[in-house]
Protein chains: 4
Amino acid sequence: MIIVLRSDVSGTEEAPLVSFLSGRGIVFSRMLMEGCVVYVCTSCPGEDVCQMIRGFSIVEKLIPVDRKPLLCESEGSSFEYAGIVLGRDLCVIAGPCAVQEDQDLDALALKAASAGARMFRAGAFKPRTSPYAFQGLGRQALERIAAAGKRSGLPTVCEIPSESYLDSFRDIDILQVGAHNMQNFELLKALGRCGKPVLLKRGAGSTVDELMYACEYIFSGGNERVILCERGIRTFETVSRNTLDVSAIAALRARTGLPVFADPSHAAGERRLVSALSLAAVAAGADGLMIETSDRAEKALSDSAQAIDHETLAGIIRKASAIREIL
Amino acid sequence: MIIVLRSDVSGTEEAPLVSFLSGRGIVFSRMLMEGCVVYVCTSCPGEDVCQMIRGFSIVEKLIPVDRKPLLCESEGSSFEYAGIVLGRDLCVIAGPCAVQEDQDLDALALKAASAGARMFRAGAFKPRTSPYAFQGLGRQALERIAAAGKRSGLPTVCEIPSESYLDSFRDIDILQVGAHNMQNFELLKALGRCGKPVLLKRGAGSTVDELMYACEYIFSGGNERVILCERGIRTFETVSRNTLDVSAIAALRARTGLPVFADPSHAAGERRLVSALSLAAVAAGADGLMIETSDRAEKALSDSAQAIDHETLAGIIRKASAIREIL
Amino acid sequence: MIIVLRSDVSGTEEAPLVSFLSGRGIVFSRMLMEGCVVYVCTSCPGEDVCQMIRGFSIVEKLIPVDRKPLLCESEGSSFEYAGIVLGRDLCVIAGPCAVQEDQDLDALALKAASAGARMFRAGAFKPRTSPYAFQGLGRQALERIAAAGKRSGLPTVCEIPSESYLDSFRDIDILQVGAHNMQNFELLKALGRCGKPVLLKRGAGSTVDELMYACEYIFSGGNERVILCERGIRTFETVSRNTLDVSAIAALRARTGLPVFADPSHAAGERRLVSALSLAAVAAGADGLMIETSDRAEKALSDSAQAIDHETLAGIIRKASAIREIL
Amino acid sequence: MIIVLRSDVSGTEEAPLVSFLSGRGIVFSRMLMEGCVVYVCTSCPGEDVCQMIRGFSIVEKLIPVDRKPLLCESEGSSFEYAGIVLGRDLCVIAGPCAVQEDQDLDALALKAASAGARMFRAGAFKPRTSPYAFQGLGRQALERIAAAGKRSGLPTVCEIPSESYLDSFRDIDILQVGAHNMQNFELLKALGRCGKPVLLKRGAGSTVDELMYACEYIFSGGNERVILCERGIRTFETVSRNTLDVSAIAALRARTGLPVFADPSHAAGERRLVSALSLAAVAAGADGLMIETSDRAEKALSDSAQAIDHETLAGIIRKASAIREIL
């Protein structure tokens, strides 16, 4: 770490900083670089001490040289779940946005399976921007999702709204953290101790760095089975609901061995872009996809504007597998 | 609402949509506008039905004409708390970022009061990007905050991390929803029933619309005492940590009678911008400010890079009051 | 187009608007929709008249139903150039960032050709953020680029800084509009009359819509040979220099028949992401790629952080062709 | 500058870099910091050499300690023009968006003057996103603007579309660079030699840093009379057309002595926000404002959605002056 002093600092003003650093056992050389007085420190203290150093009025800025890798960077790796090696085998998770009263979930899961999906997803508690929008069927949906998973042989993935729901999710295989909750630290801490794999979605306004730190909350709690999922970021462009960040997929794969997935459905926000975004994500290195499907799309009626039918899903999986082969 | 059909739709393909609309009691005129077939509907169904309409493959898009105002738009108004009319009297909330072991909170609250602050804030549970950063002193800090509030005569404001902490916050006056939690819907629902005023911060990646909907979660639960707080949005610019959105302040004041505050400290991310952003926010119409202060800033040591000393605070309050007079 | 009136408008206040509309020959029905008075107009006037209508104080907003397609949407199509069908055959444009004194351009062009590139690019005038950065060798570079193109048999692509340089570019085959210049309308108008194909890069802060309008400036001048090029947009994420917007690639291909390219090099900003972004772009539907290459990358010395060597280029072209086959 | 090597580099691989640095006369100490080998260089070479250093495959990254201030930072200062000290006296520039056939420009300029404006602006060449929108009356408008300026006694400000128009602007007092042209480097270079003050608008997708560099193009050409103008940046928020960045105003004033203005009209995009944004800009430290006004706004007919009437203008100027007094 390098501490750069303000240019107008006189020597005597440095005394409190020098004694602070010495008191913390920080070793440094005082040098002149490009006209600035800098302290080149051979080690980097924790963030809290850094904040205190920044608080000295004579300090212009701190420049970290590097940082220790996070646990999830150094230790994160692909892992097996239910016969699939996540991070190695292409894994598509498919299913409807939200479970609805009159839906045949079993049929949906079977169709997803025969289209080539390896996991089944469905929403029980829908985090909705408006309190007046359909919020999901709640706990009763969880049972139906678990049952459909069993019947189809597909592991189930479902979004958990808060740490207080952990018990209700006992029959769900993989717990999803939604984009809105990526920095719900109480939830992340609880998932660190939950013993189940977690699919962690990137917040639409969050950086790749923040996603890694959110993952670290789960890792540092002892849970090393995390799937990272890029789902589009908020930008000025409105051609898609969010902008799928394929660079993030490539960057995440370079930083960690954990499986990196993409959710093209939420990034697109409309059916017609889903196929292109799916293939782009896989070409950028995504190990899996999370795709909204619907039975009713085939009857021109869908629960959401981005759900695709199972035939389209099968086509995407076929092409995505071929692309992964090429890489 | 207007339903615009795709341009290549033949008359017979419209039948399922027509019978769907009729079945839901939606009255419409079928018209030709600018070469498109459109259905001009005299009423607008709920969002769930709109989603279904969008799901028809012959539908190009839906154009809402307007929308019903939210409760928090039509009913939101200034309200009195502890002798301050929030939304009318300029109200500055000041205090340290996080409570620390060796801090004299009572002294801090008294200094804030004599600088002109009307409320006292301090953090007990700090939502931190990294799991390894200082997370706050937790429940023991809450007691000290409440005590400092009593001694100084200032109501207290403190961020609540999750709905499961409601009991612990019983001695805190105003519950703050942090930017990370703006769309933590479980927390919002719980706050709708909590009986205390809520200070709701806008998420850095959230729109003004989404902030209003988050507020509506609290309102629709029966709690109409909400303070909205702009604190900067995430943009490509790095000159400040986040970009304080003064247009949002003006727009929020036009949409609701609720008090609209700004947090210049978190938007700035560094001490030197706090004064300018504070005054800009008030000039744009902000009814109050939330400012990080520190005793130690005076001794060139601070708990955070953006905390200001109490003399600067007093100057800001003096100028902000004069500006509010002018408006 | 629908004109929505403010909710507090009394009938008599409508008279000036009604007479304005009638005077312009605009036919409309006055209706009540969702509690608002709206004028449903069967045709949409030009943007200038719309602006005037928005200027009436009783008008809340204008809602366009649709808009006439641009020329470049209805007429834009793939086109042949030098034996390559742009928009059908995968076309990779490769070459160094900027021509430098000591560079063997002929060798570079030949290496690009043997790696599978179909066109050769190099910069003569570099638009640089700082006036003190290397600005390119200028006119003398143009001759060398043209010569290298001839020797290698590859058509040449070069960025033109301003309309006043048109004469100097007479031996360059395809004129590139840089991202900074996407809305340099004087340049666009001149290119509409220049008789050469144009490669139009999207501005980092520009929408897909604005790119189409910039293209329309060239089209409406009579030049229908335009290549659209996505090169990353400016977002809050810093993991890549800009965020490659693969949705834009898919959306552009749906809107126009013109060839759509991507520039992964400038989006990435560093060598290690170029391959992943290239393949993602092609998987999303890109018809071509523009990639910075360098001879010196092989000797661990490069003119730019994102230039790749020719072996890597050959690998990308091989994989990209295989992916395009799959689509 | 510090050069950080990749962690997996062996000593012998460093030789080419060491000889490169020595050859360029760069003095450095090789040190171990936080487990990385770093070269602490006591001076910083130019950007071109830095690019070459980044090109070495053993280099992880370069960390600049600081940079030399730009000319426009060290030398930029307030300056007098026509009796107004720009950067000290509050200066409001007002006038219509674009000159139109049937406008009484003289009357508009006189009204602006009596409302308290110190300069008159109007558009002759309008840079429009669409080629089909009204592009301005062109050269004939310039004469009328200059005449109106003379009659009202107000200096005139007008946007110049390209360096080839310099002659036509001989009777205009201050040349404006529009946001679209902020990085039109050919234009900036020409303005560096033009001998007239320049009002330089920030691009909606450009950083404060890039604005300073654009200004440096003008400065380094010998023209030190530049007015910097913040006009809103492109973000995900749509409540205003662009997000007025008040932090940028404060940051620019800290970096340079040049006058810093704001254009609330284009940031707002609608009349109702103009007053709040104007006052916020001045409270943040803006030395002047550029505001669109219209005579017709009073007759409920306006040339643009954001133009305000002269009474509103007078109110803004009165309040803005009072706020500037307080600062």
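In this text, all values refer to a predicted model and were calculated from it rather than measured experimentally.

(A) A look at the sheet that holds strand β14 (residues 288-292) of chain A. Residue and element names in this part refer to chain A. With parallel pairing, eight strands are arranged side by side around a closed barrel as β7-β8-β9-β10-β11-β12-β13-β14. For this sheet the average axis-to-axis angle between neighbouring strands, irrespective of direction, equals 25°. In the sheet, strand β7 (residues 91-95) pairs with strand β8 (residues 119-121) via two bridges, with the strands oriented parallel. Along β8, the bridge assignment pairs A94 with F120. Set on the sheet, helix α5 (residues 139-152) makes contact with β8 and β9 (156-159); between it and β9 the angle comes to about 160°. Along the sheet face, helix α10 (residues 274-283) touches β13 (260-262) and β14 and points at about 165° away from the line of β14.

(B) Summary view of the interface of chain B and chain A. If you look at the interface, chain B gives 50 residues, while chain A gives 50 residues. Buried area between chain B and chain A, summed over both chains or domains, comes out near 4,100 Å², and the portion from carbon and sulfur atoms is 49%. Counting the surface chain B buries against chain A, the share from its top three residues, B:T129, B:Y132 and B:R234, is 13%. Taken together, chain B and chain A are joined by two salt bridges. The closest approach of N and O atoms between B:R234 and A:E210, which form a salt bridge, is 2.7 Å. Scanning the region where chain B abuts chain A turns up 18 residue pairs in polar contact (both at pLDDT 80 or more). Secondary-structure elements contributing two or more residues to the side of chain B that touches chain A are α2 (47-55), α6 (185-192) and α7 (208-220) of chain B. With six residues, α7(B) is the largest single contributor of residues to the side of chain B that touches chain A. Here the residues of the side of chain B that touches chain A are counted per class, giving 19 nonpolar, 18 polar and 13 charged.

(C) Up close: the packing of aromatic side chains. All names here are of chain C. Applying the stated criterion to the full structure yields 20 aromatic pairs over all chains. Judged by centre distance (5.4 Å) and plane angle (55°), the rings of F20 and F56 are tilted. With F20 in helix α1 (residues 15-23) and F56 in the loop between α2 (47-55) and β4 (59-63), this pair connects stretches of sequence that are 36 residues apart. On the basis of relative accessible area, F20 is assigned to the buried category, the value being 12%. Accessibility expressed as a relative area gives 6% for F56, which makes it buried.

(D) Region of interest: the sheet that holds strand β4 (residues 59-63) of chain D. Residue and element names in this part refer to chain D. An order of β2-β3-β1-β4 is seen for the four strands of this open sheet, with the pairing classed as antiparallel. Of all strands in the sheet, those with a lone pairing partner are β2 (28-33) and β4, marking the two edges. In this sheet, neighbouring strand axes are inclined to one another by 25° on average, regardless of whether the strands run parallel or antiparallel. Bridge count for strand β1 (residues 2-5) against β4 is four bridges, and the pairing is antiparallel. Each residue of the ladder has a partner; that of L5, found in β4, is V59. The sheet contacts of helix α2 (residues 47-55) involve β1 and β4, and relative to β4 the element is tilted by about 155°.

(E) Structural view of helix α7 (residues 208-220) of chain D. Residues and elements named next belong to chain D. When the terminal C-alpha atoms of α7 are compared, their 18 Å separation across 13 residues agrees well with the 18 Å that a helix rising 1.5 Å per residue should span. Among the 13 residues that make up α7, eleven are buried, leaving the element largely enclosed by the rest of the structure. Taken as a whole, α7 has its buried residues at V208, E210, L211, M212, Y213, A214, C215, E216, Y217, I218 and F219. Those residues of α7 hidden inside the fold are in contact with α3 (71-74), α6 (185-192), β11 (198-201), β12 (226-230) and α8 (246-255).

(F) View of the nonpolar core. Counting 158 residues, the largest nonpolar core has B:L200, B:V246, D:L200 and D:V246 as the members making the most contacts within it. Contacts of B:V246, omitting those with residues within four sequence positions, involve B:A280, B:A281, B:A284, D:L244, D:V246, D:L277 and D:A280. Ranked by size, the runner-up nonpolar core spans 156 residues in total, among them C:A124, C:A141, C:L211 and C:A248.

(G) Region of interest: the interface of chain D and chain C. Counting residues at the interface gives 49 residues for chain D, matched by 50 residues for chain C. When the two sides are added together, the surface that chain D and chain C hide from each other amounts to roughly 4,000 Å², 49% of it contributed by carbon and sulfur. It is D:T129, D:Y132 and D:R234 that lose the most area in chain D upon contact with chain C, and together they represent 13% of the buried surface on that side. The tally of links from chain D across to chain C stands at two salt bridges. Scanning the region where chain D abuts chain C turns up 18 residue pairs in polar contact (both at pLDDT 80 or more). Elements with a minimum of two residues in the side of chain D that touches chain C: α2, α6, α7 and α10 (271-283) of chain D. Considered class by class, the residues forming the side of chain D that touches chain C number 17 nonpolar, 18 polar and 14 charged.

(H) View of the relation of the copies chain B and chain A. Note on the identical chains: chain B maps onto chain A by a rotation of 180° and an axial translation of 0.0 Å, with an RMSD of 0.1 Å. Given the turn and translation reported, the copies of this chain are related as if by a two-fold rotation axis. Among all residues of chain B, the minimum C-alpha distance to the rotation axis is found for B:G205, at 2.2 Å.

(I) Fine view of the packing of helix α1 (residues 15-23) of chain D against α2(D). All names here are of chain D. Between α1 and α2, the least distance of the axes is 11 Å, while the angle of their chain directions is 170°. Regarding the angle of α1 to α2, the classification is roughly antiparallel. Across from L17, F20 and L21 in α1, the residues of α2 making contact are V49, M52 and I53. Of the residues in the contact of α1 with α2, the class split is six nonpolar, no polar and no charged.

(J) Molecular detail of unusual backbone geometry. A positive phi angle is found at B:A82, which is not glycine, with a value near 50°. Mapping B:A82 onto the fold places it in the loop between β5 (79-81) and β6 (84-86).

(K) Fine view of the relation of the copies chain D and chain C. Expressed as a screw transformation, the operator carrying chain D onto chain C has a rotation angle of 180° and an axial translation of 0.0 Å, and the superposed copies differ by an RMSD of 0.1 Å. Looking at the interface residues of chain D, 100% of them are also at the interface in chain C, so both copies use one shared face.

(L) Here's a closer look at α2(B). Within α2(B) the residues assigned to the buried category are B:V49, B:C50, B:Q51, B:M52, B:I53 and B:G55. In this fold, the buried residues of α2(B) make contact with β1 (2-5), α1 (15-23) and β4 (59-63) of chain B.

(M) How the structure looks around the pattern of salt bridges. Applying the stated criterion across every chain yields a total of 64 salt bridges over all chains. For A:E270, the salt bridge goes to A:R272, with nearest N and O atoms at 3.7 Å. Its relative accessible area of 29% is what places A:E270 among the partly exposed residues. Across the pair B:E60 and B:R6 runs a salt bridge whose closest N-O atoms are separated by 3.5 Å. In this pair, B:E60 is assigned in strand β4 and B:R6 in the loop between β1 and α1, connecting sequence segments 54 residues apart. Because the salt bridges share partners, they merge into one network encompassing A:R202, A:E230, A:D245 and C:E237.

(N) Quick look at the packing of helix α4 (residues 105-115) of chain C against helix α11 (residues 310-326) of chain C. Residues and elements named next belong to chain C. Between α4 and α11, whose axes approach to 8 Å, the crossing angle comes to 30°. Between α4 and α11, the angle is such that the two are roughly parallel. Where α4 crosses over α11, the handedness of that crossing is right-handed. Between α4 and α11, the contacting residues are L108, K111, A112 and A115 on the first element and H310, L313, A314 and I317 on the second. Tallied by class, residues from the contact of α4 with α11 come to six nonpolar, one polar and one charged.

What counts and how
Residues numbered from 1 in each chain as written. Chains lettered and ligands numbered in written order. Predicted model: local features only at pLDDT ≥ 70, side-chain atom pairs only at ≥ 80, totals over all residues. Heavy atoms only, no water. Pairing = 2+ DSSP bridges. Helix = DSSP H or I, 4+ residues; strand = E, 2+ residues; numbered from the N terminus. Axes fitted to C-alpha atoms, helices over the stretch in contact; angles between N-to-C directions. Contact = heavy atoms within 4.5 Å. Buried area = accessible area lost by both parts, 1.4 Å probe. Salt bridge = Lys/Arg side-chain N within 4 Å of Asp/Glu carboxyl O. Polar contact = N/O pair within 3.5 Å; in protein donor to acceptor, adjacent residues only side chain to side chain. Nonpolar A, V, L, I, M, F, W, Y, C, P; charged D, E, K, R; others polar. Phe/Tyr/Trp six-rings, centres within 6.5 Å; stacked < 30°, edge-to-face > 60°. Buried < 20%, exposed > 50% of the residue type's maximum accessible area, 1.4 Å probe, protein only. Expected span 1.5 Å × (residues − 1). Core = buried A, V, L, I, M, F, W, Y, C linked by side-chain atoms within 4.5 Å. Least-squares fit on C-alpha atoms with pLDDT ≥ 70 in both. Parallel < 35°, antiparallel > 145°, perpendicular 65-115°, else oblique. Left-handed = near helix turned anticlockwise from the far one by under 90°.

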